[in-house]
Amino acid sequence: MSWIFKKKNHVFAFFLGFATIIIQTIILRVFQVVFYGNELSYAVLLSSWLFWVSFGSFLSTLIFSKVKVSFNLIIFSFVVLALSAPVIVFGARYIHPVLDVSPGEMIGIIPMVISAVLLSAPVSFIAGAIFVLLCSWTEEAGRVYFYEALGSAIGGALVSFFLVIFFTPVRSMLLMAFTILFVTFFMVNKSRSMKKFLSGLLCFIAIFVVIDFFMDLDFLSQRKQWPYGRLVSVEDSPYASLAVLEHEGELSFFQNGLLSFSTNDLLSAEENVHLPLLAHPDPRHVLFIGNGLGGEINQILKYPDIIVDYVEIDRKLLDMGRRYLRDEEAAVLDHSRVSVHYDDARHFVRNTQQEYDVVIVNVGDPLTAGINRFYTLEFMTELDRILKIGGIASFRVSSSENYISDENLIFLRSLFVTLKSVFPEARSIPGGMHTFLVSNLMDRITLDAEWFSARLIVSGVQNRFVNENSLPFILDERRIEHAEKLIIRGDGLINRDLFPRGYLLKILFWSTHFDTGFKKLAAAFKVPFWLLLFFLTGMLFVISFLKTRRNRLNGIDMAVMVTGFSEIVFQIIVILLFQSLYGIAYQKIGLILASFMLGLVLGSRRAVKMNTAASEKMLAVFRMLQLCIIVYPLLLPVVFVMFRDLKVAQPWADVLMVIFSLLPFIAGFLGGMQYPLAAFLKKKIGGETGVRSAGSLYALDVLGASIGAFFAGVFLIPLFGIVAVCVLCSSVSIVVYLFIPRD
């Protein structure tokens with residue numbers, strides 16, 4: 001085992017990557033639940049994380065480029081990393097009570113950013129500092145980078161295929177802390193006082209691990225996240241974190257913090273079901289997509305001639321329904337006229353050969369990319385294929401009874417225009433939940449209260465809320481006419497998979513509930529894309545020109561920073577596209593991150609082997625890598641469209657899903673090669689010390705990634721779409737390519 005002690009720097013670098021990717025993946029999943037499944041939380045947390053990594057590496061570079069690094073300092077840094085890991089999860093769980101947030105109540109952008117910045121600081125700052133400490137200790141930046149990436153790749157696979165499946169976030173973090181401390185204890189082979197200190201910390205963490213196995217600390221901490229009502233159960237499925245809350249006898253089921261359904265919301269269930277069913281003259285076969293255990297399936301079964309296909313991707317959600325709902329509420333899942341399909345609804349709609357009289361889409365507001373995919377033009381086109389001639393589909397989104405705000409009106413117009421782009425007829429029913437009824441046959445839908453009442457009488461269905469007395473109010477002609485005039489008046493923006501406008505517009509509507517300034521920030525970015533592209537590339541050109549005039553090697557710095565910007569944007573784009581295609585980014589986030597890290601491993605390994613090559617050859621390879629980074633983003637939308645639309649791809653959907661999640665491997669390989677080459681070049685040509693070049697380049701790389709994560713994830717993608725952002729990444733890479741030295 002003596003070789004391990006001789007390679008302490010490699011072992012520490014490996015466990016730095018191993019620990020940080022596991023901590024990052026777990027906290028990403030926890031944050032997504034705290035912030036209601038909104039993918040903005042990915043961008044905000046990644047940006048905050050990377051900012052602190054950059055700051056930690058920058059500060060360490062300033063300090064330790066001239067000061068010798070001691071072994072004990074590295075040990076102490078790993079101790080801080082270990083002890084910080086569990087604290088992040090507990091801190092995230094206290095966000096709701098600190099902000100006094102009720103279950104299902106949305107949280108503003110500014111509190112999200114502040115929470116991410118504060119909670120990510122301890123771990124990410126120390127991780128950035130440790131990287132520079134290891135580079136300074138050994139002056140082997142390329143090898144440190146390689147072993148860190150190797151640890152990240154293996155840690156990413158472990159967290160994806162083992163930890164998130166079998167362990168809670170708190171237990172995973174405690175075990176991670178114990179592992180880090182054990183490794184540092186093992187690597188200390190001389191200092192008795194240090195071993196005593198570490199053994200005491202190991203016992204301290206071990207006590208918490210034992211307590212967790214008996215008391216379930218994760219469940220206790222989640223009670224803080226759900227301060228109102230009694231938390232009945234929390235379980236993780238491959239698709240979401242599921243919670244059941246009880247309040248005054250009513251059970252509410254949540255998916256990633258968003259309300260899925262409540263047991264006593266009979267009004268919503270009746271309106272959701274009976275309006276589309278009564279609008280159709282003779283519905284026989286119904287497809288129900290989304291949350292059906294809130295009473296909707298029971299309402300459909302009131303019609304004796306209807307059979308139902310119920311599509312729900314999350315089997316565990318329905319299993320929890322069977323466990324906690326009353327027998328008569330859960331019995332619908334076993335009813336002879338109900339067929340439950342455990343499948344992604346878009347995959348089901350795309351591949352089924354069945355046609356339906358009525359399709360009810362009950363997925364909630366498009367506050368996340370995963371939900372927005374059910375409001376896009378592409379989904380409407382897929383839905384149109386399975387509707388019988390004269391069939392009707394319904395969609396419901398949040399609104400208000402008698403007033404439509406400007407922000408909500410823009411969203412409703414977008415949804416209406418998207419629907420009308422596919423369906424000849426689209427009608428609107430205002431209310432607390434705004435209902436859209438669409439048909440592939442013109443003049444199929446009449447919103448006449450007498451017609452609906454007559455249909456209700458003929459069907460023999462008895463309702464508490466949707467009945468002959470309430471229908472004249474629900475279908476008030478003046479309210480409907482007024483709402484439809486407002487929606488039709490003015491231009492609407494079509495919502496697409498590659499341009500998720502509905503997602504942006506609903507977030508803007510959501511932001512009006514808070515004094516967050518998000519609306520003003522979004523308005524500031526409301527400029528033509530070509531103008532923004534011209535401004536950003538022009539500004540980058542001027543900065544690169546001025547910096548390379550002072551020192552031509554600054555062109556390498558600019559390339560590394562822009563690559564950091566681009567590669568984090570690539571990851572966010574892959575996550576969003578993966579969510580749009582398959583709807584299970586929550587499950588695969590670790591695999592996506594791990595595939596990127598695996599690319600870093602192989603790329604950096606290849607670059608390390610070139611450390612003895614001539615500088616001219618290194619520069620030629622460096623420029624070639626930059627050319628590949630220019631091309632890569634332009635291919636992502638093409639691959640997405642191929643995987644989504646090619647019929648030959650549909651039978652291989654599961655295989656293609658894995659392949660798609662591995663796309664970041666290519667970006668990782670390119671970035672993994674570029675960083676060590678940049679460090680070698682600055683040392684060979686510029687004569688910079690190893691730690692100075694390694695630390696400054698690492699700080700620039702991560703700073704670029706932090707900027708990219710925030711602006712691309714929060715603003716650029718929602719405002720301009722994925723294709724435009726891919727073009728932007730390619731364009732800025734072209735600019736810095738012009739300033740890379742040629743000899």
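Because the structure is a prediction, the values reported are computed rather than measured. (Residues numbered from 1 in each chain as written. Predicted model: local features only at pLDDT ≥ 70, side-chain atom pairs only at ≥ 80, totals over all residues. Heavy atoms only, no water.)

Engineer: So what exactly am I meant to see when it comes to the packing of aromatic side chains here?
Structural biologist: Each aromatic ring pair is described using two quantities: the centre-to-centre distance and the angle formed by the ring planes. Enumeration according to the criterion identifies 25 aromatic pairs in this entry. Each ring, one from W52 and one from F55, has its centre 6.1 Å from the other, and the planes form 75°; the classification is edge-to-face. On the criterion of helical spacing, the pair formed by W52 and F55 is a turn pair, its members being three residues apart in helix α3 (residues 40-64). Residue F55 is classed as partly exposed on the basis of its relative accessible area of 35%. Centre to centre, the rings of F529 and F720 are 5.7 Å apart; their planes meet at 50°, and the pair counts as tilted. In this pair, F529 is assigned in helix α24 (residues 529-550) and F720 in helix α30 (residues 690-720), connecting sequence segments 191 residues apart. (Phe/Tyr/Trp six-rings, centres within 6.5 Å; stacked < 30°, edge-to-face > 60°. Helix = DSSP H or I, 4+ residues; strand = E, 2+ residues; numbered from the N terminus. Buried < 20%, exposed > 50% of the residue type's maximum accessible area, 1.4 Å probe, protein only.)

Engineer: Got a minute to help me understand a nonpolar patch on the surface in this structure?
Structural biologist: Together, F51, F55, F58, L59, L62 and I63 line one region of the surface with nonpolar side chains, adding up to about 520 Å² of accessible area. Taking relative accessible area as the criterion, F51 reaches 38% and is therefore assigned partly exposed. (Patch = residues over 30% accessible without salt bridge, like charges linked within 9 Å, V, L, I, M, F, W, Y side chains within 5 Å. Areas by Shrake-Rupley, 256 points an atom, 1.4 Å probe, with all protein chains shown as cover. Salt bridge = Lys/Arg side-chain N within 4 Å of Asp/Glu carboxyl O.)

Engineer: Can you help me understand the pairing of strand β8 (residues 356-362) in this one?
Structural biologist: The side chains of a regular strand alternate between both faces of the sheet. Judged by how many residues are buried, β8 sits mostly within the fold: seven of seven residues are covered. Across five bridges, the pairing between strand β5 (residues 285-290) and β8 is parallel. Looking at β8, one finds that L287 is bridged to V359. Both β8 and strand β9 (residues 387-398) contribute to a ladder of five bridges, which runs parallel. The residue of β9 that forms the bridge with V359 is A393. (Pairing = 2+ DSSP bridges.)

Engineer: For this particular structure, what's the right way to read the side chain of D357?
Structural biologist: Within the secondary structure, D357 is located in strand β8. Its relative accessible area of 8% is what places D357 among the buried residues. In terms of polar contacts, D357 uses its side chain to reach the backbone amide nitrogen of R284, at 2.9 Å. In this structure D357 touches H280, D282, P283, R284, H285, L387, K388, G391 and I392, once residues within four positions along its chain are discounted. (Polar contact = N/O pair within 3.5 Å; in protein donor to acceptor, adjacent residues only side chain to side chain. Contact = heavy atoms within 4.5 Å.)

Engineer: For this particular structure, what's the right way to read a positive patch on the surface?
Structural biologist: Taken together, the side chains of R605, R606, K609 and K617 define a basic patch exposed on the protein surface. Within the secondary structure layout, K617 lies in helix α27 (residues 615-645). (Lys, Arg positive; Asp, Glu negative; His and termini not counted. Charge placed at Lys NZ, Arg CZ, Asp CG, Glu CD.)

Engineer: Mind showing me how you'd approach empty space enclosed by the protein here?
Structural biologist: Over the atoms, a rolled probe matching the size of one water molecule traces out where space is still vacant. A full pass over the atoms with the stated rule returns five cavities of 30 Å³ or more. Considered as a void within the structure, the largest cavity measures approximately 560 Å³ in volume. In this structure, the largest cavity is lined by 29 residues; those nearest its centre are L50, F596, M597, L600 and Y698. Of all the secondary structure elements, the ones that give two or more residues to the lining of the largest cavity are α2 (8-34), α3, α7 (141-166), α25 (554-582), α26 (585-608), α29 (664-684) and α30. Looking at the lining of the largest cavity element by element, the count peaks at six residues for α25. The residue inventory of the lining of the largest cavity, partitioned by class, reads 18 nonpolar, eight polar and three charged. (1 Å grid on protein atoms, 1.4 Å probe; cavity = no way out; pocket = protein on both sides within 12 Å on 5 of 7 lines; lining within 4 Å. Points joined across faces, edges and corners; volume = space filled by probe spheres on them. Nonpolar A, V, L, I, M, F, W, Y, C, P; charged D, E, K, R; others polar.)

Engineer: What am I meant to see in unusual backbone geometry here?
Structural biologist: In terms of backbone geometry, most residues other than glycine have negative phi values and most peptide bonds are trans. Not every positive phi belongs to a glycine, and D216 is a case in point at roughly 55°. Examined against the element boundaries, D216 turns out to sit in the loop between α9 (192-215) and α10 (217-225). Even without being a glycine, D443 presents a positive backbone phi close to 60°. Checked against the element boundaries, D443 lands in the loop between β11 (433-439) and α19 (449-459).

Engineer: Teacher, can you tell me more about the sheet that holds β9 here?
Structural biologist: The pairing of strands in a sheet comes from backbone hydrogen bonds and takes either a parallel or an antiparallel form. A sheet is described by the order of its strands in space; here seven strands give the open sequence β7-β6-β5-β8-β9-β11-β10, paired in mixed fashion. Strands at the two margins of the open sheet, each flanked by one partner only, are β7 (338-341) and β10 (425-429). Adjacent strand axes in the sheet meet at a mean angle of 15°, parallel and antiparallel pairs treated alike. Against the sheet, helix α11 (residues 266-279) engages β5, β8, β9, β10 and β11, with an angle of about 155° to β9. Packed on one face of the sheet, helix α21 (residues 477-488) meets β10 and β11 and runs near 120° to β10. (Axes fitted to C-alpha atoms, helices over the stretch in contact; angles between N-to-C directions.)

Engineer: Any chance you could explain the pattern of salt bridges here in plain terms?
Structural biologist: If the charged atoms of two oppositely charged side chains come close together, the side chains can form a pair. Enumeration over the complete set of coordinates arrives at 19 salt bridges. Between R171 and D212 there is a salt bridge, with the nearest N and O atoms lying 2.4 Å from each other. Here D212 lies in helix α9 and R171 lies in helix α8 (residues 169-187), a separation of 41 residues in the sequence. Summarising the burial analysis for this pair, R171 and D212 share the class buried. Between D344 and R373 there is a salt bridge, with its nearest N and O atoms 2.8 Å apart. In this pair, D344 sits in the loop between β7 and α15 (345-351) while R373 sits in the loop between α16 (369-372) and α17 (377-386), placing the two residues 29 residues apart along the sequence. Judged by relative accessible area, R373 falls into the buried class, the value being 2%. Within the structure, one salt-bridge network assembled from shared partners comprises R346, R350, E382 and D497.

Engineer: Got a minute to help me understand the side chain of E484 in this structure?
Structural biologist: Note that E484 resides in helix α21. A relative accessible area of 14% places E484 in the buried class.

Engineer: What exactly am I supposed to notice about the pairing of β9 here?
Structural biologist: Most of β9 sits out of view: nine of its twelve residues are buried. Across seven bridges, β9 lies against β11 in antiparallel orientation. Looking across to β11, one finds that F395 is bridged to F436.

Engineer: I'm lost on the sheet that holds strand β2 (residues 241-247) in this one. Help?
Structural biologist: Strand order in this open sheet of four strands is β1-β2-β3-β4, and the pairing throughout is antiparallel. With partners counted over all chains shown, the strands left at the sheet margins are β1 (230-236) and β4 (258-262), one partner each. Strand-to-strand, the axes of this sheet are offset by a mean angle of 25°, without reference to chain direction. Direction of pairing for β1 relative to β2: antiparallel, over a ladder of six bridges. Residue pairing for β2: V234 is matched across the bridge by A243. Across the sheet, helix α13 (residues 315-324) is in contact with β1, β2, β3 (250-255) and β4; its angle to β1 comes to roughly 145°.

Engineer: When you look at the environment of V542 in this model, what are you seeing that I'm missing?
Structural biologist: Along the polypeptide, V542 turns up in helix α24. Distance in space between the C-alpha atoms of V542 and V735 is 9.8 Å, their sequence separation being 193 residues.

Engineer: Honestly, the packing of helix α4 (residues 71-93) against α8 in this entry has me stumped. Any pointers?
Structural biologist: Packed helices, taken two at a time, are described by the angle their axes make and the gap between the axes. Axis separation between α4 and α8 bottoms out at 9 Å; the angle between their running directions is 175°. Regarding the angle of α4 to α8, the classification is roughly antiparallel. On α8, the residues touching F71, I75, F78, V79, L81, A82, A85, P86, V89, F90 and R93 of α4 are P169, V170, M173, L174, A177, I180, L181, T184 and M187. When its residues are assigned to classes, the contact of α4 with α8 shows 18 nonpolar, one polar and one charged. (Parallel < 35°, antiparallel > 145°, perpendicular 65-115°, else oblique.)

Engineer: Would you mind going over the nonpolar core with me for this structure?
Structural biologist: Most often, soluble globular proteins keep nonpolar side chains buried together rather than apart. In terms of nonpolar packing, the biggest core is built from 202 residues, with L383, F395 and F660 touching the most fellow members. Here this core takes 18 residues from α25, the largest share from any one element. Excluding residues within four positions of it along the chain, L383 makes contact with V349, V359, V361, A393, F395 and F423. Counting 45 residues, the second largest nonpolar core, distinct from the first, contains L242, L275, F452 and I480. (Core = buried A, V, L, I, M, F, W, Y, C linked by side-chain atoms within 4.5 Å.)

So yeah, pure geometry; function would need other evidence.
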